[in-house]
Amino acid sequence: MPTPTTRTITLPGELTVTIQEFGENTEGTGVLVLHGGAGPRTVAGLSNALSEHVHVVTPTHPGFDGTPRPDRFDTVADLAIAYLDLLDTLDLKDVMVIGNSVGGWIAAEMALRDNRGRIGALTLLNAVGIHAHMVENRVLDPRTMAPSDVSQLSFAQAEFRPDFTSFTPEQRAAAAANQQTLAVYGGDHFTHDPKLRTRLHRVTIPVLVIWGEEDGIAPLKYGRGYADAFPSAHFTPIPNAAHFPQIEQLGATLGAIGEFVETVVKPGARD
């Protein structure tokens, strides 16, 4: 599998964003993959797999993994606008935006602001961003929990859970810095915008909501509620997976995305 290329792009407002590109841009379209609070490594396998079929761009959110973040750049909305600028800069059209966790929140905010029609479809993987109507379905705040507990709730299968006791001091510092950056973007409510749910009826592009069934961070009923907030979203639960279905069940996740493309986004494309 080809090695992804990494480069830093300057966007309007002098914001710099580091991106990894997987596969070749031969058709002027592609997939934008947005990581969650655990960083870009959590979507690298998904991006690699998707690049066998389409050009993939995976940005590192400014402030993550040691990248610069201007003080003025501090909300999920800022990220959404920056990534729409990125699609303009790369001149990508009919893009599927795939986002995991807070990356899904960013994707939803992008769809609401896409006044140049760059986005063709959304795929949300155990996304956060909306409030829960019922207390038992709320997204848990990992800032209040021990790392081992977060890991337990984030992965259904023990072999995928990080062993934090094995982390070097440098790895611990990097993880802590990423969490601090996530807290900045999350704002006062951290895991959601109280107004987002009531705005999603304006998203008319195809939407797929994929959910690891055993997510202890953002529960399955929260995911169903997220799908219901769109006028016409497709919901696919993934068994034996939690907050990162693209890691624990990559094949099933790719299968769900493939079926969504073939039956909803571009029906009959292979006929």
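Scroll up for the structure.
Residues numbered from 1 in each chain as written. Predicted model: local features only at pLDDT ≥ 70, side-chain atom pairs only at ≥ 80, totals over all residues. Heavy atoms only, no water.

J.: What's the story with the packing of helix H2 (residues 76-90) against helix H3 (residues 102-113) in this structure? I'm lost.
T.: Helix-helix packing: each pair is described by the crossing angle between the helix axes and the interaxial distance. Contact pair H2 / H3: the axes reach a minimum separation of 8 Å and the direction vectors enclose 65 degrees. Our classification of the angle between H2 and H3 gives roughly perpendicular. For the pair H2 and H3, the sense of crossing is right-handed. Seen from H2, the contacting residues are Val76, Ala77, Leu79, Ala80, Ile81, Tyr83, Leu84 and Leu87; seen from H3, they are Val102, Trp105, Ile106, Glu109, Met110 and Arg113. Of the residues contributing to the contact of H2 with H3, the split by class is 12 nonpolar, no polar and 2 charged. (Axes fitted to C-alpha atoms, helices over the stretch in contact; angles between N-to-C directions. Helix = DSSP H or I, 4+ residues; strand = E, 2+ residues; numbered from the N terminus. Parallel < 35°, antiparallel > 145°, perpendicular 65-115°, else oblique. Left-handed = near helix turned anticlockwise from the far one by under 90°. Contact = heavy atoms within 4.5 Å. Nonpolar A, V, L, I, M, F, W, Y, C, P; charged D, E, K, R; others polar.)

J.: Help me understand the nonpolar core, please; the structure alone is not making it clear to me.
T.: Proteins that are soluble and globular tend to have nonpolar side chains buried together. If you look at the biggest cluster of nonpolar residues, it comprises 52 residues, and the most contacted ones within it are Leu32, Met110 and Tyr226. Contact partners of Tyr226, with chain neighbours within four places excluded, come to Gly104, Trp105, Ala108, Leu124, Ala127, Val128, Gly129, Ile130, Leu196, Leu200 and Trp211. Of all hydrophobic cores here, the second largest spans 18 residues; its members include Val31, Leu50, Met96 and Ala241. (Core = buried A, V, L, I, M, F, W, Y, C linked by side-chain atoms within 4.5 Å. Buried < 20%, exposed > 50% of the residue type's maximum accessible area, 1.4 Å probe, protein only.)

J.: How should I be thinking about the sheet that holds strand S4 (residues 56-60) in this particular structure?
T.: Ordered in space as S1-S2-S4-S3-S5-S6-S7-S8, the 8 strands form an open sheet in which the pairing is mixed. Each edge of the open sheet is held by one strand with a lone partner, namely strand S1 (5-11) and strand S8 (233-238). Geometrically, the sheet is characterised by an average inter-axis angle of 25 degrees between neighbouring strands, direction not taken into account. Here H2 sits on the sheet in contact with S1, strand S2 (15-22), strand S3 (31-34), S4, strand S5 (95-100) and strand S6 (119-125), set at roughly 105 degrees to S1. Against the sheet, helix H8 (residues 250-265) makes contact with S5, S6, strand S7 (207-212) and S8, and its axis sits at roughly 160 degrees relative to S7, the strand it touches most. (Pairing = 2+ DSSP bridges.)

J.: Explain the layout of surface pockets here, please?
T.: Rolling a probe over the atoms, with the probe sized like a water molecule, indicates the empty space that remains. Of the voids in this model, the largest pocket is the one considered here, and its volume is about 1,200 Å³. What lines the largest pocket is a set of 38 residues, and nearest its centre among them are Gly37, Ala38, Phe164, Ala175 and Gln179. Here the element with the most residues in the lining of the largest pocket is helix H5 (residues 169-186); it accounts for 8 residues. Of the volumes computed, that of the second largest pocket is approximately 740 Å³. What lines the second largest pocket is a set of 27 residues, among which Val31, His53, Val54, Val261 and Lys266 lie closest to the centre. Broken down by secondary-structure element, the contributors of at least two residues to the lining of the second largest pocket are S5, S6 and H8. The element that contributes the greatest number of residues to the lining of the second largest pocket is H8, accounting for 6 residues. Classifying every residue of the lining of the second largest pocket gives 12 nonpolar, 9 polar and 6 charged. (1 Å grid on protein atoms, 1.4 Å probe; cavity = no way out; pocket = protein on both sides within 12 Å on 5 of 7 lines; lining within 4 Å. Points joined across faces, edges and corners; volume = space filled by probe spheres on them.)

J.: Teacher, can you tell me more about H2 here?
T.: One turn of the α-helix equals 3.6 residues, which is why residues spaced by three or four share an orientation. Between its first and last C-alpha, H2 extends 21 Å over 15 residues, near the 21 Å set by a 1.5 Å rise per residue. Burial in H2 covers these residues: Val76, Leu79, Ala80, Ala82, Tyr83, Leu84, Leu86, Leu87, Asp88 and Leu90. Directly after H2, the chain includes Asp91, whose backbone phi takes a positive value near 55 degrees. (Expected span 1.5 Å × (residues − 1).)

J.: So what exactly am I meant to see when it comes to the packing of aromatic side chains here?
T.: One pass over the full model with this rule turns up 6 aromatic pairs. A ring pair is formed by Trp211 and Tyr222, whose centres lie 6.1 Å apart and whose planes are at 50 degrees; its orientation type is tilted. Pair noted here: Trp211 is in strand S7 and Tyr222 is in helix H6 (residues 220-229), with a separation of 11 residues, a long-range link. Relative accessible area serves as the criterion here: at 3%, Tyr222 is assigned to the buried category. An angle of 90 degrees between the planes, with centres 6.0 Å apart, marks the rings of Tyr222 and Tyr226 as edge-to-face. Residue Tyr222 and its partner Tyr226 are both found in helix H6; the two are separated by 4 residues, about one turn of the helix. Each member of the pair, Tyr222 as well as Tyr226, carries the same accessibility label: buried. (Phe/Tyr/Trp six-rings, centres within 6.5 Å; stacked < 30°, edge-to-face > 60°.)

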